[in-house]
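These are the residues of each chain, in order.
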Amino acid sequence: MAALLLLPLLLLLPLLLLKLHLWPQLRWLPADLAFAVRALCCKRALRARALAAAAADPEGPEGGCSLAWRLAELAQQRPAHTFLIHGSRRFSYSEAERESNRAARAFLRALGWDGGPDGGDSGEGSAGEGERAAPGPGDAAAGSGAEFAGGDGAARGGGAAAPLAPGATVALLLPAGPEFLWLWFGLAKAGLRTAFVPTALRRGPLLHCLRSCGARALVLAPEFLESLEPDLPALRAMGLHLWSAGPGTHPAGISDLLAEVSAEVDGPVPGYLSSPQSVTDTCLYIFTSGTTGLPKAARISHLKILQCQGFYQLCGVHQKDVIYLALPLYHMSGSLLGVVGCMGIGATVVLKSKFSAGQFWEDCQQHRVTVFQYIGELCRYLVNQPPSKAEHGHKVRLAVGSGLRPDTWERFVRRFGPLQVLETYGLTEGNVATINYTGQRGAVGRASWLYKHIFPFSLIRYDVTTGEPIRDPRGHCMATSPGEPGLLVAPVSQQSPFLGYAGRPELAQGKLLKDVFRPGDVFFNTGDLLVCDDQGFLRFHDRTGDTFRWKGENVATTEVAEVFEALDFLQEVNIYGVTVPGHEGRAGMAALVLRPPHSLDLMQLYTHVSENLPPYARPRFLRLQESLATTETFKQQKVRMANDGFNPSTLSDPLYVLDQAVGAYLPLTPARYSALLAGNLRI
């Protein structure tokens, strides 16, 4: 009898012995299982949609590319449901389908399409004339089997431009609005590729983007014509079709595309026009932010469009939700995650042409918003706003996005809650993404074996000095230990490809790592350092290019920024490294924005920094600014700030230097600057 009583204890003994080691991760097993089930159901549903489209009648809209057949499906299933709200305008899914059909027919007319179901150019693996400047692997022209006469495209598109060819790339230089979406959807239905051009680009960067993606046409907003006037000769010299998306006084050779669109019928176009030969064919170009140089045109495949349809389903968003989207549509977060993700669940999206922190909560109240998609510093802008009545009693239950710092996370939830924050991680050109489905503050996801089985990735040891992964004597990379920063990499496969960038092959140099864990394997290099803690939570550590070395130690800009952000008189902080003559590595510098009505307390700042940061991580220079420089996607401009340096003779902002002998931050005068260069001021 005693042996029978002891048997359960003996069986439980191994678990008791492992409890201390496994409990931190086992306690999250129910959440891991729940998300794994959701992810598998999402994958199964998307696969079923793709198979149904492949088996559909090629003459019908359901036989087209993933974007075309999903919109046609929604127009049939939820015709009257509101898809888009933009200002006072509302569009149902049925109206979105008809508007994009008109746009598709306008582009097809420019191609000289005669509407015949057979014959014509079958593509034969060519991306068309529009892609000769941007070759890529595995790309074939959509619309195999369509008939194109190549007739009046030049006449309608602006004079001397050569006729558009099947599979050509058409660039959109438009603000976020309904017209952006109808033209994008119409291009997809016509079997043409779209390039999303950042709206702030002009002159050299604009021409670079158009050349790199091999654009053969450009659709621009009428309000941009004045600022683009100096660029028009170069655009014409490139042989581009030039369209304006709206009425107005247009320069010679530029016609009103929307007038042409409105003249077309709104009936569906055949699916075979856009059906790709392979799901990995390029259908879209999205340009990287260009924080470290000229933007690169990341190739987006039909497969990625399909995968993004599952984004909001993975996030737990439903058909009845109303999603607030104030992000640029030329950015992946706005177009693919926001719009395509909304289409994936058949919900409603409130689209704003520009984010307004002062108008945000009033918009949420007016449209009964339940989900808010953020990026970068949007949440920080909101918590820095003065209190308002509209921020109370709202319906927002979920904020989804990336780049939310822990300090802002806490303030955001405390002030505007109860609501859930779902932080994600991903790259436009990447093949890996993480989702913090548990809501653990400060984390970007989990590294559970369940998640990594569905979405595989690894963290490997990385040498900041050499800029390369650390390899063992056999030449293989080594996985990190809990708490150790590591380079995030993901295996490249048919299900998770890396398509690279349009243009020269060397643009993708360094993005692929070979022989990572075994001979012959290939992994995508994200260029980001993450940390996995003992509970399996992933936290963003730094960009490999942002982390710098000083006094022989690695300094992570994010960790230093978190320390500074704990000071109540600071509203925004940007940490970066600057080169100091006569010193190895880079010294830390902090650009600061004060929180009104506070003033800069240098004594408190020095005390706080000294108590919370090791000596090598303490910024040697401070730069006080009215506002921080960011990209249009709200990313901080670290490279530009580093290039500005710290010379008080060339910078008008107040500058301060850490004087080690005095133990304080002092104004960086020309005299102190000269003493520093002469080696008489120790930093």
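Residues numbered from 1 in each chain as written. Predicted model: local features only at pLDDT ≥ 70, side-chain atom pairs only at ≥ 80, totals over all residues. Heavy atoms only, no water.

We now examine the side chain of Glu97. Inspection of the secondary structure assignment puts Glu97 in helix 4 (residues 93-111). Aside from chain neighbours lying at most four places away, what touches Glu97 is Pro61, Leu71, Ala72, Ala75 and Lys189. (Helix = DSSP H or I, 4+ residues; strand = E, 2+ residues; numbered from the N terminus. Contact = heavy atoms within 4.5 Å.)

Another point: the packing of aromatic side chains. Tallied over the entire structure, the rule returns 28 aromatic pairs. Each ring, one from Tyr324 and one from Phe360, has its centre 4.9 Å from the other, and the planes form 85 degrees; the classification is edge-to-face. Taken together, the residues Tyr324 in strand 10 (residues 322-325) and Phe360 in helix 14 (residues 360-367) connect sequence positions 36 residues apart. Tyr324 gets classed as buried once you look at its relative accessible area, which sits at 0%. Residue class for Phe360 comes out buried when judged on its relative accessible area of 0%. Aromatic side chains Phe498 and Tyr501 sit 6.1 Å apart centroid to centroid with 80 degrees between the ring planes, which places their arrangement in the edge-to-face category. The same class applies to Phe498 as to Tyr501, namely buried. A cation over an aromatic ring shows up here: Lys296 above the ring of Tyr501, its NZ or CZ 4.3 Å from the ring centre. A cation sits over an aromatic face here: Lys452 above Phe457, 5.4 Å from the ring centre. (Phe/Tyr/Trp six-rings, centres within 6.5 Å; stacked < 30°, edge-to-face > 60°. Buried < 20%, exposed > 50% of the residue type's maximum accessible area, 1.4 Å probe, protein only. Lys NZ or Arg CZ within 6 Å of the ring centre and 35° of its normal.)

Next up on the list: the pairing of strand 13 (residues 398-402). Burial of strand 13 is extensive: four of the five residues sit out of reach of the surface. Two elements, strand 12 (residues 371-375) and strand 13, share five bridges in a ladder whose sense is parallel. Its bridge partner lying in strand 13, Phe372 is registered against Ala399. Pairing of strand 13 with strand 14 (residues 420-426) involves four bridges; the strand directions are parallel. Along strand 14, the bridge assignment pairs Ala399 with Val421. (Pairing = 2+ DSSP bridges.)

Let us look at the sheet that holds strand 30 (residues 664-667). With mixed pairing, the five strands of this open sheet are ordered in space as 26-27-28-29-30. This sheet does not close on itself; its edge strands, each paired only once, are strand 26 (570-578) and strand 30. Ignoring which end each strand starts from, the neighbouring axes of this sheet average 25 degrees apart. Sheet analysis places strand 28 (residues 621-624) next to strand 29 (residues 655-659), joined by three bridges and oriented antiparallel. Following the sheet pairing, Leu622 is matched in strand 29 by Tyr656. Along the sheet, helix 18 (residues 557-565) makes contact with strand 26, strand 27 (587-594) and strand 28, crossing strand 26 at roughly 150 degrees. (Axes fitted to C-alpha atoms, helices over the stretch in contact; angles between N-to-C directions.)

With that settled, consider the nonpolar core. Grouped together as the largest cluster of nonpolar side chains are 159 residues, with contacts concentrated most on Phe83, Leu181, Trp184 and Phe372. Examining the composition of this core, we find that nine residues originate from one element, helix 4, more than from any other. Setting aside anything within four residues of it in sequence, one finds Phe83 in contact with Phe91, Ser92, Tyr93, Ala96, Leu181, Trp182, Phe185, Val339, Met343, Ala347, Thr348 and Val349. Listed in part, the 43 residues of the second largest apolar core include Phe548, Phe564, Tyr576 and Met641. (Core = buried A, V, L, I, M, F, W, Y, C linked by side-chain atoms within 4.5 Å.)

With that settled, the discussion passes to empty space enclosed by the protein. Over the atoms a probe the size of a water molecule is rolled, and this reveals where empty space is left. Considering all chains together, one arrives at four cavities of 30 Å³ or more under this definition. Considering only enclosed or pocket space, the second largest cavity measures out at about 40 Å³ in volume. Around the second largest cavity, the lining residues are Pro61, Ala68, Glu97, Asn101, Lys189, Val269, Pro270, Gly271 and Ser274. Of the residues belonging to the lining of the second largest cavity, the class tally is four nonpolar, three polar and two charged. (1 Å grid on protein atoms, 1.4 Å probe; cavity = no way out; pocket = protein on both sides within 12 Å on 5 of 7 lines; lining within 4 Å. Points joined across faces, edges and corners; volume = space filled by probe spheres on them. Nonpolar A, V, L, I, M, F, W, Y, C, P; charged D, E, K, R; others polar.)

With that out of the way, let us pick up helix 7 (residues 203-212). Taken together, the buried positions of helix 7 are Leu206, Leu207, Cys209, Leu210 and Ser212. Looking at the residues trailing helix 7, positive phi occurs at Gly214, about 70 degrees.

Let's shift gears to the pattern of salt bridges. All told, the structure shown has 23 salt bridges when counted by the stated rule. Linking Glu179 and Arg89 is a salt bridge whose minimum nitrogen-to-oxygen distance equals 3.1 Å. With a gap of 90 residues between them, Glu179 in helix 6 (residues 178-189) and Arg89 in strand 2 (residues 89-92) connect regions that are remote in the sequence. Since its relative accessible area comes to 25%, Glu179 is described here as partly exposed. Classification of Arg89 as partly exposed rests on a relative accessible area of 34%. Of the charged contacts in the structure, one is a salt bridge between Arg415 and Glu391, with a shortest N-O distance of 2.9 Å. With a gap of 24 residues between them, Arg415 in helix 16 (residues 406-416) and Glu391 in the loop between helix 15 (378-383) and strand 13 connect regions that are remote in the sequence. Under the relative-accessibility criterion, Arg415 is labelled partly exposed at 23%. Exposure remark for Glu391: the relative accessible area of 5% places this residue in the buried category. When salt bridges that share partners are traced, they join Arg98, Glu99, Arg102 and Asp266 into one network. (Salt bridge = Lys/Arg side-chain N within 4 Å of Asp/Glu carboxyl O.)

Relative to the helices and strands, Ser66 resides in helix 3 (residues 66-77). Of the polar contacts made by the side chain of Ser66, one reaches the backbone oxygen of His302; its length is 3.5 Å. Beyond its immediate stretch of four places on either side in the chain, Ser66 contacts His302, Ile305, Leu306 and Gln309. (Polar contact = N/O pair within 3.5 Å; in protein donor to acceptor, adjacent residues only side chain to side chain.)

On to the sheet that holds strand 1 (residues 82-86), then. Across the sheet, which stays open at both edges, the eight strands sit in the order 2-1-11-10-12-13-14-15 with mixed pairing between neighbours. Edge positions in the open sheet fall to strand 2 and strand 15 (433-435), since each of these has one partner strand only. The mean inter-strand angle of the sheet, taken between neighbouring strand axes irrespective of direction, is 20 degrees. Sheet strands touched by helix 6: strand 1, strand 2 and strand 11 (348-351). Its angle to strand 1, the strand with the most contacts, is close to 135 degrees.

Residues Leu26, Leu29 and Leu33 make up a contiguous nonpolar surface patch of roughly 230 Å² in combined accessible area. By the element assignment, Leu26 lies in helix 1 (residues 2-26). On the accessibility criterion, Leu26 (43% relative accessible area) is partly exposed. (Patch = residues over 30% accessible without salt bridge, like charges linked within 9 Å, V, L, I, M, F, W, Y side chains within 5 Å. Areas by Shrake-Rupley, 256 points an atom, 1.4 Å probe, with all protein chains shown as cover.)

What follows concerns the environment of Arg623. Structurally, Arg623 can be placed in strand 28. Judged by relative accessible area, Arg623 falls into the buried class, the value being 7%. Along the primary structure Arg623 and Ala590 are separated by 33 residues, whereas in three dimensions their C-alpha atoms are 6.1 Å apart.

In this section: the environment of Arg89. In this structure, the C-alpha to C-alpha distance between Arg89 and Pro178, residues 89 residues apart in sequence, is 9.0 Å. Beyond its immediate stretch of four places on either side in the chain, Arg89 contacts Leu84, Pro178 and Glu179. A distance of 3.1 Å separates a polar atom in the side chain of Arg89 from a polar atom in the side chain of Glu179.

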